[in-house]
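Take a look at the letters that make up each chain.
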Amino acid sequence: MHPPPARARRRRPRAFRASVPSLIMTAILCLLVLPPLVMLFRTSLVNYEDASAPYSLINYVKLIEDPLLYISTFNSVFFAAGATVVSLLIGATVAWIVERTNAPFKWLAYVTTIVSLGTPAILYVSAWIFLLGRAGPVNQLWKEITGSFQPLVNVYSIPGMMLVEGLLWVPLVFLLCGATFKRQNADLEEAARMSGGSVFDTVWRVSLPLAKPALYGLAIFIFIRNIEAFDVPVLLGTPGGIKLLTSDIYLSMTRVPPDLGHSSAFAIVMILFVSALLYLYGRVSANADRFASVTGKGFRPRPFDLGRYRWIGGFVIILNFLLVLALPVLAVLWNSVTPFVRGFSLKAFSTLTLENYVHVLTDSYYLQLALNTVFVAAISATVAIAVTAVAAWLSVRKWPASGPLNQLASLPIIFPGIVLGVAMIQLALRTPFGLYGSIWLIAIAFIIRYLPYGMRYAQPAVMQIHRELEEAANVSGASQPGTFRRIVLPLTAPALLAGWLFIFLVAAKELSIAVLLAGSRSKTVAVAMFDQWTNGQAGEVAALGIIWTIAMSCCAALMMALSRNDMKSQGTL
Amino acid sequence: MDSQNLTLVVDGLSKLYWTKSRTPGGGIQPISFTLEPGTFFTLLGPSGCGKTTTLRCLAGLEHPDVGRLSLGGTTFFDGEAGDHVPLNKRNIGMVFQSYAIWPHMTVFENVAFPLRVRKELKLSGEEIRQMVTQALTTVGLAGYESRSATQLSGGQQQRVALARAIVRKPGLLLLDEPLSNLDARLRDEMRNELKRLQKQIGITTIYVTHDQVEALEMSDVIAVINAGQVEQMGSPRDVYDRPANAFVANFMGATNFLSARLSADQPADSRGTVALDTGETLDVWFPHAVRRTDRIAVSMRPDVIRLAAAGSDNPEGGNRLTGTVVSSGFMGNIERYSVKVGDEIIQVHQAPDAHFDSGSRVDLLFRPERTLGLLENRAEVVGAAA
Ligand SMILES: Nc1ncnc2c1ncn2[C@@H]1O[C@H](COP(=O)(O)OP(=O)(O)OP(=O)(O)O)[C@@H](O)[C@H]1O
Ligand SMILES: [Mg+2]
């Protein structure tokens, strides 16, 4: 209708100056994220048997010809699927009961989650090995009751691994599902009840279908995490002779001499596999919000009245507490006060001792471990949050040239921990300044690994700030850096702090990267537990685990409190 | 700097957004105006017509495509020369539609912010305190300094936003629909308050609204914008009584339109005769020049029409149409009728002393000088002449 003016679009020199911050961030992120990928790819093309040979696909050929790849892949997928079902069934059920009904004991579910978030996975695994082991209390009880000589369960089997791994992820599923259920509009359920639906009808026909897209997305996400799982495959699979993708990579790296070509090719295959899954995840979760019931101000979900089924809800929460928290922690506690590994019996009570605790608390070796761990976890959380806060701000506000920032910061999500470990070793071997075996190497690897997590917290936090709040500062005379410091940072602080604590917690218990990178002086608590467990020092592991869990649970509690406040304030900002 | 003596010159400023298919997707077509110091200038138009875009271009939040913009002697933007003063150096006060009160600061800190971030002013803590107190007193919020900004009512938040905008004595004040978030009663109150404040400070103000009552009551000059183009610019009386075309007449308040044709060109401010499409002729007033070939919309506001029983005599002379009452509604001070004339429904407001039943035949009587002959659609010629 109106002809556009001829000179409508003109590039101005201004555009370049404004894109400088984004270009700097892009450079930083590239420097962090790309080298591992490039290095991995390069090594996978090197023929280690013939150093003079040119780059070739020989490692891939060997990999594909080896039937082991298919066995491991099948095992990994089967294991991951089973574990996903376990964690989703338990986690989603408990989340629904806690968030949407009037069942009793809800606080118990939160306690379970908080303590679990702070506990290294290896501790759980060792507890379940004790509980379900051949001489463990479960099998003992079974033998005594039935008089049979066959144990009831074999924890060193794929079903056993599924169970343990599944229980490991229940707390996270609980948290993420809880967020979904919380957003559901109670009106929809009440409408179904008013139309004559029973509680079961309502859940089956309304609540579940509404949550379905989100649940699918979550299932894929947990599946990916399980494919990448390290602790259970190595601790349960390897002794049981069950080969999985991650344990294969680990074994070929710890063999003497390490088979770099093989593990790199393996790692690249795994990255491709995970990327395909992530693509699927992106497709599914893009649709997840389609059904999300929009919440306005003052929206408060009303709990569902379960009527006489209330006690069932309470029972499920208690069961979750027992399985996910109480039983493993009791097992660890028991191990920590017995002088040597033994089954649970009344006789053993007379021999109980606090010696392990005394040892852990007085030996400077353990102090060093704790310091190392806190140091790497704090450094990686700080850097990851700082980088992603700026990157998220630039990208949410669509600064010139900020396009690739989000993708770059999210890229490391395709690295399973063990794969990143392999890549970082190769990088460290090529850097001159003694990075190999130092604590800084672990810190850098953690920063890379947790950039996507940081982005996950920082981006919504920035989006939540009404744009005019920043523009008002600009118009008032503040420069862009001033606006970031005085307006954006204070307003995103609660979310960023929660993100910091989350990264701190997962970094503090991360094993799969650290186990490959740690030198003798740069061990973290999780690595030390792993070493001691494999050396049979179960008692000290347990004592260390209990002390560590208490400390980390305090951090986890703080994080949950901050995240909750943040969710509450979303409505008012 | 003295805010009293700054003339704002906007010359051919334009900013267009483009859709993916390279067609214009909103924005503002070239707009020009010059504001004497202290003018209250209003951008009025329907939602999405480009008011906020214009304001953001002035503030520097948006980079215009072309044009020139200067305040006092300072050129803020010049598309030809490529000059561009960054927005934080422009010393413009702005009140955002959402108020944009920072929730992590107290009222005092919110208002003090523009003073604190301008290091070059080298203000002492005491000076800042004085200026903030003065600004808060001006808007009637003295004593609220230590309140958290989130504990304020909508009206109070709006005042804080205003105090923040005026605290450093800006050369220009921009207000983007500052009253749209308030309830009707408060809106009325704040309207007067705002106008009083503006006169008291004497600051050139640009006000954005889509409420024509607000615009009429507050402004010295109104620019009516439609789909990115200025339809008319003038004083409230001018825009209301002598609308440039049917769009402006309609936007400035409810009115009836009848399509008509001319038999001769008409100069501005003349009286003439038009033939309605239904065949009747009317005596109308042409506030602006129109050509013989133009389609004409005859505009009569509902309150200038008098109803009388069909066939009664009409001592004052003037226009007469005959129709049938379709419906009526009692609204307290007036009675509202819908009358069917030919195929058209005409709205009429009457004092409720006489009543006409639905179905009764009535005469509609109206004076030629209140019957406006307007261009049916926009005409660039008329817009530019304003
Ligand atoms: N950043 C943008 N990108 C693309 N189009 C835009 C952008 N900002 C505004 N527009 C379009 O330009 C037009 C004018 O927008 P503007 O915000 O100026 O309207 P407005 O007159 O302030 O409306 P309202 O009264 O609803 O606030 C609209 O059609 C809008 O869709
Ligand atoms: Mg607007």
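Source: prediction; values computed, not measured.

Attention now goes to the overall build of chain B. For chain B, the count of helices and strands is nine helices and 21 strands. Expressed along its principal axes, the backbone C-alpha trace of chain B runs to roughly 80 × 50 × 40 Å. Sorting the 386 residues of chain B into buried and exposed places 52% on the buried side. Taking all contacts inside chain B whose residues are at least 6 apart in sequence as the whole, residues at least 24 apart take part in 65%. For chain B, the accessible surface area stands at approximately 16600 Å², while carbon and sulfur atoms represent 48% of it.

The next subject is the UniProt feature "domain: ABC transporter" (unreviewed entry) in chain B. The positions that UniProt labels "domain: ABC transporter" (unreviewed entry) are, in the present scheme, residues 8-252 of chain B. As a span, residues 8-252 of chain B carries 34% helix and 27% strand, and end to end its C-alpha atoms are 26 Å apart.

With that settled, the discussion passes to the interface of chain A and chain B. Contacts between the two partners involve 28 residues from chain A and, on the opposite side, 40 residues from chain B. Counting each side, the surface lost to burial between chain A and chain B is near 2900 Å², with a carbon and sulfur contribution of 58%. Here chain A and chain B share one salt bridge between them. Linking B:Arg56 and A:Glu471 is a salt bridge whose minimum nitrogen-to-oxygen distance equals 2.8 Å. For the interface between chain A and chain B, the tally reads seven residue pairs in polar contact (both at pLDDT 80 or more). Where the side of chain A that touches chain B is concerned, the elements lending two or more residues are helix H21 (467-475) and helix H22 (480-509) of chain A.

This part is about the side chain of A:Ser44. Residues and elements named next belong to chain A. Note that Ser-44 resides in helix H2 (residues 20-44). Of the polar contacts made by the side chain of Ser-44, one reaches the backbone oxygen of Phe-41; its length is 2.6 Å. Those residues in contact with Ser-44 that lie beyond four places of it in its chain are Ser-56, Asn-59, Tyr-60, Gly-261, Ser-264, Ala-265 and Ile-268.

Together, A:Tyr309, A:Trp311, A:Ile312, A:Phe315, A:Leu319, A:Leu322 and A:Leu327 make up an exposed nonpolar region whose accessible area comes to about 690 Å². A relative accessible area of 35% places A:Ile312 in the partly exposed class.

Residues and elements named next belong to chain B. The local shell around ligand 1 holds 13 residues, among which Ser-47, Gly-48, Lys-51, Thr-52 and Thr-53 are the closest. The contact in question runs from an oxygen atom of ligand 1 to an N or O atom on the side chain of Ser-47, over 2.5 Å. Lys-51 is positioned such that a nitrogen or oxygen atom in its side chain is 2.8 Å from an oxygen atom of ligand 1. The set of elements that each furnish at least two residues to the shell around ligand 1 consists of strand S2 (24-35) and helix H1 (51-59).

So, about helix H6 (residues 121-132) of chain A. All names here are of chain A. With 12 residues, H6 extends 16 Å between its outermost C-alpha atoms, agreeing within 8% with the 16 Å of an ideal straight helix rising 1.5 Å per residue. Counting buried positions along H6 yields 12 of 12 residues, so the element is predominantly enclosed. Residues of H6 that are buried: Ala-121, Ile-122, Leu-123, Tyr-124, Val-125, Ser-126, Ala-127, Trp-128, Ile-129, Phe-130, Leu-131 and Leu-132.

Residue and element names in this part refer to chain B. Within the open sheet, the five strands sit side by side as S2-S1-S4-S5-S6. Their pairing is antiparallel. Two strands close off the open sheet at either side, each with one partner strand: S2 and strand S6 (83-84). Bridge count between strand S4 (residues 66-71) and strand S5 (residues 74-78): four bridges; the pairing is antiparallel. Paired with Leu-69 across the two strands is Phe-77, which belongs to S5. Packed onto the sheet, H1 meets strand S1 (8-18), S2 and S4 and runs at close to 120° relative to S1.

One pass over the full model with this rule turns up 19 aromatic pairs over all chains. On the numbers, 5.1 Å between centres and 80° between planes, the contact of A:Phe230 with A:Tyr250 is edge-to-face. Placement of A:Phe230 in the loop between helix H10 (199-227) and helix H11 (231-237) and of A:Tyr250 in helix H12 (residues 245-254) is noted, with a sequence separation of 20 residues between them. Comparing A:Phe230 with A:Tyr250 shows no difference in burial state: the two are buried. Aromatic side chains A:Tyr365 and A:Tyr366 sit 5.2 Å apart centroid to centroid with 70° between the ring planes, which places their arrangement in the edge-to-face category. Taking relative accessible area as the criterion, A:Tyr365 reaches 31% and is therefore assigned partly exposed. For A:Tyr366, a relative accessible area of 4% translates into the label buried. Put simply, the rings of A:Phe446, A:Tyr450, A:Tyr453, A:Tyr457 and A:Phe502 pair up and form one aromatic cluster. One Lys or Arg, B:Arg164, reaches over the ring of B:Trp102 and ends 4.2 Å from the middle of that ring.

This paragraph deals with the environment of A:Ser512. Residue and element names in this part refer to chain A. In this structure, Ser-512 sits in the loop between H22 and helix H23 (514-517). In this structure the C-alpha to C-alpha distance between Ser-512 and Arg-183, which are 329 residues apart in sequence, comes to 34 Å. Among the polar contacts listed, one links the side chain of Ser-512 to the side chain of Glu-510, at a separation of 2.7 Å.

Definitions and cut-offs
- Residues numbered from 1 in each chain as written.
- Chains lettered and ligands numbered in written order.
- Predicted model: local features only at pLDDT ≥ 70, side-chain atom pairs only at ≥ 80, totals over all residues.
- Heavy atoms only, no water.
- Helix = DSSP H or I, 4+ residues; strand = E, 2+ residues; numbered from the N terminus.
- Buried < 20%, exposed > 50% of the residue type's maximum accessible area, 1.4 Å probe, protein only.
- Contact = heavy atoms within 4.5 Å.
- Areas by Shrake-Rupley, 256 points an atom, 1.4 Å probe, with all protein chains shown as cover.
- UniProt positions renumbered as here; feature names shortened; annotations may be inferred.
- Buried area = accessible area lost by both parts, 1.4 Å probe.
- Salt bridge = Lys/Arg side-chain N within 4 Å of Asp/Glu carboxyl O.
- Polar contact = N/O pair within 3.5 Å; in protein donor to acceptor, adjacent residues only side chain to side chain.
- Patch = residues over 30% accessible without salt bridge, like charges linked within 9 Å, V, L, I, M, F, W, Y side chains within 5 Å.
- Near = heavy atom within 4 Å.
- Expected span 1.5 Å × (residues − 1).
- Pairing = 2+ DSSP bridges.
- Axes fitted to C-alpha atoms, helices over the stretch in contact; angles between N-to-C directions.
- Phe/Tyr/Trp six-rings, centres within 6.5 Å; stacked < 30°, edge-to-face > 60°.
- Lys NZ or Arg CZ within 6 Å of the ring centre and 35° of its normal.

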